[in-house]
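Spelled out, the chains give:
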Amino acid sequence: MNQEELKNKISEIKDKLESIEQPLENRMYLTCKAENNYDISKFLFEDVKARFVTVTGIDAEHCFEVLYHFSYDQTSCVITVKAIISDRENPSIESITSILPAAEWIEREIHDVLGIDFKNHPNMRRLILSDDWPEGVYPLRKEIKK
Amino acid sequence: MKESIKKPVLAVGPFHPLQEEMEFFQLTVDGEIVTDIDVRISYNHRGIEKISETLQFDQVPYLVSRICGICSASHPLAYVQAVEEIAGITPPERALYVRTIINELERIHSHMLWVGLAGHFIGYDTVFMWAWKYREPVLDLLEEITGNRNNYGNVKIGGCREDVPNEIIGKMLKELDALEKKTDMLTKAVLDDPVLHARLKGVGILSYEDAVKYAVTGPTARGSGVAIDVRRDDPYAAYADLDWNVITQPEGDVFAKAVVRLLEVFESIKIIRQAAKKLPDGPIAVEVKEIPAGEAVGHTEAPRGETFHYVRSDGGNRPVRHKVRAPSFVNVPSFKASCIGEEIPDVTITLAAVDPCYSCTERLAVIDENNKIVHDYETLLKLSREKTAKMKKEML
Amino acid sequence: MSWKIWSLKKSPWVFHVNVGACNNCDIEIVNCLTPKFDIERFGMKLVGSPRHADALLVTGVGTRQAVVRLREVYRQTSKPCVVFIIGACACGTGIFHNGYHVAGPVDKVIKEVDPNAIIAYVPGCPPKPEAIISGVVKALSAI
Ligand code: SF4
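Here is a short report on the structure shown in this document. This is a predicted model, so every value here is computed, not measured.

Attention shifts here to the interface of chain B and chain C. On the chain C side, the residues contacting the 44 residues of chain B number 42 residues. Between chain B and chain C, a total of about 3800 Å² is buried, with carbon and sulfur atoms accounting for 60% of that surface. There are 4 salt bridges connecting chain B and chain C. For Arg149(B), the salt bridge identified is with Glu28(C), shortest N-O distance 2.8 Å. Applying the counting rule to chain B against chain C returns 8 residue pairs in polar contact (both at pLDDT 80 or more). Of the residues forming the side of chain B that touches chain C, the biggest block, 9 residues, is contributed by helix α5 (residues 125–146) of chain B.

A few words now on the packing of helix α4 (residues 93–121) of chain B against helix α6 (residues 166–192) of chain B. Axis angle and axis distance: for two packed helices, these are the angle between their axes and the distance between the axes, and together they describe the pair. Residue and element names in this part refer to chain B. Where α4 contacts α6, the two axes come as close as 13 Å, and the packing angle between them is 30 degrees. Considered as vectors, α4 and α6 are oriented roughly parallel to each other. Seen from above, α4 lies across α6 with left-handed handedness. For the pair α4 and α6, contact is made by Arg94, Ile101, Leu105, Ile108, Met112 and Val115 and by Asn166, Met172, Leu176, Leu179, Thr183 and Leu186, respectively. For the contact of α4 with α6, a count of residues per class yields 9 nonpolar, 2 polar and 1 charged.

Moving on: the nonpolar core. Tyr79(B), Leu105(B), Ile108(B), Trp132(B), Met172(B), Leu179(B) and Phe96(C) are the most contacted members of the largest nonpolar core, which totals 92 residues. Of the residues forming this core, the biggest block, 14 residues, is contributed by α4(B). Here Leu179(B) is in contact with Ile108(B), Met112(B), Tyr134(B), Val138(B) and Ile269(B), once residues within four sequence places are set aside. Ile10(A), Leu27(B), Val29(B) and Tyr100(C) belong to the second largest nonpolar core, which has 57 residues in total.

Further remarks concern the side chain of Gln3(A). Residue and element names in this part refer to chain A. When you line up the elements, Gln3 lands in helix α1 (residues 3–11). What makes Gln3 buried here is its relative accessible area of 12%. Looking at Gln3, its side chain comes within polar contact range of the side chain of Thr75, at 3.0 Å. Discounting chain neighbours no more than four positions away, the residues touching Gln3 are Gln22, Glu25, Met28, Thr75 and Cys77.

This next bit is on the site of the ligand. Taken together, Arg66(B), Asn151(B), Ala21(C), Cys22(C), Asn24(C), Cys25(C), Gly87(C), Ala88(C), Cys89(C), Gly124(C), Cys125(C) and Pro126(C) make up the full set of residues adjacent to the ligand. Mapping the residues near the ligand onto chains gives chains B and C.

With that settled, the discussion passes to the pattern of salt bridges. Evaluation of the coordinates by the stated rule reveals 43 salt bridges over all chains. A salt bridge links Asp140(B) to Lys36(C), with the nearest nitrogen and oxygen atoms 3.0 Å apart. Of the two residues, Asp140(B) is situated in helix α5 and Lys36(C) in the loop between α2 (24–31) and β2 (45–46); the pairing between them involves two chains. A residue is classified by how much of its surface remains accessible, and Asp140(B), at 27% relative accessible area, is partly exposed. For the salt bridge of Arg222(B) with Asp229(B), the shortest nitrogen-to-oxygen distance reads 3.4 Å. Just as Arg222(B) is buried, Asp229(B) falls in that class too. Overlapping salt bridges bring together Glu104(B), Arg107(B), Arg222(B), Asp229(B), Arg231(B), Glu264(B) and Glu301(B) as one network.

This part is about the sheet that holds strand β2 (residues 27–33) of chain A. All names here are of chain A. Pairing within the open sheet is mixed, and its 5 strands lie in the order β1-β2-β5-β4-β3. The strands lining the two open edges of the sheet, one partner per strand, are β1 (17–24) and β3 (51–59). Strand-to-strand, the axes of this sheet are offset by a mean angle of 20 degrees, without reference to chain direction. Two strands pair when backbone bridges link them, and β1 and β2 are joined in this way by 5 bridges, in the antiparallel orientation.

Attention shifts here to the environment of Leu100(A). For Leu100(A), the location among the structural elements is in the loop between β6 (92–94) and α3 (103–114). When its relative accessible area of 0% is taken as the criterion, Leu100(A) is described as buried. Separated by 58 residues in sequence, Leu100(A) and Lys42(A) have C-alpha atoms that sit 8.6 Å apart. For Leu100(A), the residues in contact, after removing those within four places along its chain, are Phe45(A), Phe52(A), Phe70(A) and Lys213(B).

This next bit is on the environment of Trp114(B). Residues and elements named next belong to chain B. Note on placement: Trp114 falls in helix α4. Separated by 147 residues in the primary sequence, Trp114 and Arg261 place their C-alpha atoms 8.4 Å from one another. Look past the residues within four positions of Trp114 in its chain and what remains in contact with it is Ala258 and Arg261.

Moving on, we come to the pairing of strand β5 (residues 77–85) of chain A. All names here are of chain A. Within β5, 8 of the 9 residues are buried, which leaves it mostly tucked inside the rest of the structure. Two strands pair when backbone bridges link them, and β2 and β5 are joined in this way by 7 bridges, in the parallel orientation. Within β5, the residue paired with Arg27 across the bridge is Val78. Sheet analysis places strand β4 (residues 64–72) next to β5, joined by 9 bridges and oriented antiparallel.

Before going further, it helps to spend a moment on helix α3 (residues 74–87) of chain B. Residue and element names in this part refer to chain B. Taking 1.5 Å per residue, 14 residues should reach 20 Å; α3 reaches 20 Å between its end C-alpha atoms and fits that length. Burial of α3 is extensive: 12 of the 14 residues sit out of reach of the surface. Where α3 is concerned, the buried positions are Ser74, His75, Pro76, Leu77, Ala78, Tyr79, Val80, Gln81, Ala82, Val83, Glu84 and Ile86. Within two residues after α3, Gly88 carries a phi angle of roughly 65 degrees, on the positive side.

Basis of the calculations
Residues numbered from 1 in each chain as written. Chains lettered and ligands numbered in written order. Predicted model: local features only at pLDDT ≥ 70, side-chain atom pairs only at ≥ 80, totals over all residues. Heavy atoms only, no water. Contact = heavy atoms within 4.5 Å. Buried area = accessible area lost by both parts, 1.4 Å probe. Salt bridge = Lys/Arg side-chain N within 4 Å of Asp/Glu carboxyl O. Polar contact = N/O pair within 3.5 Å; in protein donor to acceptor, adjacent residues only side chain to side chain. Helix = DSSP H or I, 4+ residues; strand = E, 2+ residues; numbered from the N terminus. Axes fitted to C-alpha atoms, helices over the stretch in contact; angles between N-to-C directions. Parallel < 35°, antiparallel > 145°, perpendicular 65-115°, else oblique. Left-handed = near helix turned anticlockwise from the far one by under 90°. Nonpolar A, V, L, I, M, F, W, Y, C, P; charged D, E, K, R; others polar. Core = buried A, V, L, I, M, F, W, Y, C linked by side-chain atoms within 4.5 Å. Buried < 20%, exposed > 50% of the residue type's maximum accessible area, 1.4 Å probe, protein only. Near = heavy atom within 4 Å. Pairing = 2+ DSSP bridges. Expected span 1.5 Å × (residues − 1).

Below, the structure written as C-alpha cells:
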C-alpha cells in the first residue's frame, strides 16, 4: 500500500473516528472515543497490518488520553489513535492485549502510573512501581507534584 | 487434586552475578522444562518521564541519554527529532552526518558488547574478552569526539553539541579498518565453531508470527525474519543518502540473533565510511528560540531496536508529556513465546542470564624455563584454530 | 592493623550491585576486567554471591524497589567489607534527584543498616575504568 491507499483504507472506519489529522505526510492522528478504540486497533493491526509500537497515557487535566501508536513501515507512517476517556473518576478502556500480546506490559504500566483500568486485561498486576508503593497514588497524574 | 500440587518455581535475580539491570524472573519448571515464565521489573524504575516534565526542553537530552547507557545516542536523538518536528526545525546538513556517525559508532560498540556477553553467558569467555577488547578503540574515538566514553550528550535541539573534527576522520577510518579485520576474524570464528552451533542453534526460537504479535524490534525481529529497520523505513539523520543493507536471518534462534548483530557491525562500518567521505562543511547547529504548542513522535533505530519518543508541548518551556518506549520494553515480553518449552540451561542464554566464570586468554603466553616465549599470541591463535577444525570434523 | 583488615586489602573480591543504574557504570566496571585494564591480574574479581565478597560495588540511584534488596545484600556480605559507591547517581542520585521512585542516595541506605560502614566514593558519569581503579587503590590504601 502506498500512502494514498493507506489513507483510503483508514477512511473505511471513518464513522468510528472523531477526526483525522495529518500534520505531516507520514504522521497521522486519529481521534476517537474510548469505546471505539478496540475496534480501531484491531483494524489497524489485522487489516492494515501496521506494527504496534506502544501506548502513551496522558493526564490532560480535564480528561485522560490514551494514545495507541502504530507504525506502517512500508510508507514510514506513524499512526496514532487518540482515545479520549472523559470520566476522570473511574477511567477505564478496553484492553487490546487479546489481539496484541505486545500491549500487555504497557497497559499494566499505564494502570500503575495513571490509574486507568484496562477492561478484560488478563493480568493486571503491578509492573513498574515498587512493592511498597501506596495503592491509589498515581505518579504521572498532574496533581502529584514530586 | 493435581492442581493443588505446587509447581516448582526457579527464581533468577534480582541481582544477577554479572552486570546489566535487575530483573526478577520466576521460571515455573516441570523437571528440566520451563512451563511458564513471569518477570517482575521495577528495580530500575527511576520515573524519568515525570522528571522530564520538570526539565526544560534543552535539558531533557541529557536526562534521556541516561535512560540506558548503551543507547545513550539514540534516546536523545529520538527526543530531539520529536521536538524538531513540533517546532519545524531542520538541522544543518553537517549535523545530520555527525549524528549518523555517532549513532553508528554506538551501534558497533553495543553489538560488540552483546556478542561478548553472549559468549560469556554460555561460558565461552574467549569471545567475551576478544569482543570487549575490540570495542575499546571505538570508545576512545567517541571520547575524542564528544568528550565522554559513554553518555555523549552530543545531540541538542537544532543540531549537535560537538563536531567530528576533520583531523579525527583519518584516525577514525584507520581504527575502523583494524576493527573490520578483527570482527571478520571473530565472525568467522563464531560462525564456524561447532561448539557454538551446538549450544545456540535451535535454542530459544521466536517464530515470525510471534515476532509480529509481540511487536519486537531491532535485531530480535530481524533475527526472526521480520525486515524492519527505522533507519531504512523512516530515514532520519543522513541514512537516506547512504547505501547499506538491512540484515535479516529467518531462523529466529539465538544463533540467528548473534549473526545479525555481527553482520550489522560491518554495515555500520560501511555507513561510517560513506558518511565520513560525504561529510559536508558548514555549521553544526541552528539557533532555536521557542518550542510552540504541539505534539510529535520521533523514533530511531537503537542498537537493540526501535526507540520511540512522544513529546507534547503546550508552548511553555517544558514538555507537558514525554513518553519513552525503549526497545527492550517490547523485546523482553517475547520471552514468553521463546522460552516456554525450553530447558533451563537454554533459557538462561535466551534470557541472557549468567554463568559466572571468568578467564582471560588474550594475554596468555606459555613460557619455558629459560624465559623464552614458546607460544605467543599468533601461535596460540593458530593452535586454537587447528583444534577447532579438528573438533568440527569429529562432531560432524 | 588487625589481620582482618590486612586480609581485606589483599586481592579483594567484589560483588556488583546495581540499584537502578543506567548500565554505563556497570559496563565500565566490567570493562576493568577486560584485556585493556585487566584488574584480575591483581587478584580482584567479580564473584557471584555477596557472601564471598570483600567489597560491594554499588551503582545506581537506589530505587524504592531496589534499596530493600540492597540492605539485604549488605547484611549478607561478610564483614569487614568496603562499599564502593560508583557513579554520580549512586553518590548523590545525580540527575534523578527529584524522581518519585528514588529512595537513595546509596550511602544513606547503607548507613541505615550499619552506621560504621566503610564507604568510598567514585564520582563520574560514568567514571572511567581508570578512575574506578584509582578509586579502589586509594580507598584500600587509606584503610
Ligand atoms: S552515574 Fe551516570 S553513567 Fe552511572 S548509572 Fe548514573 S547516569 Fe548512568
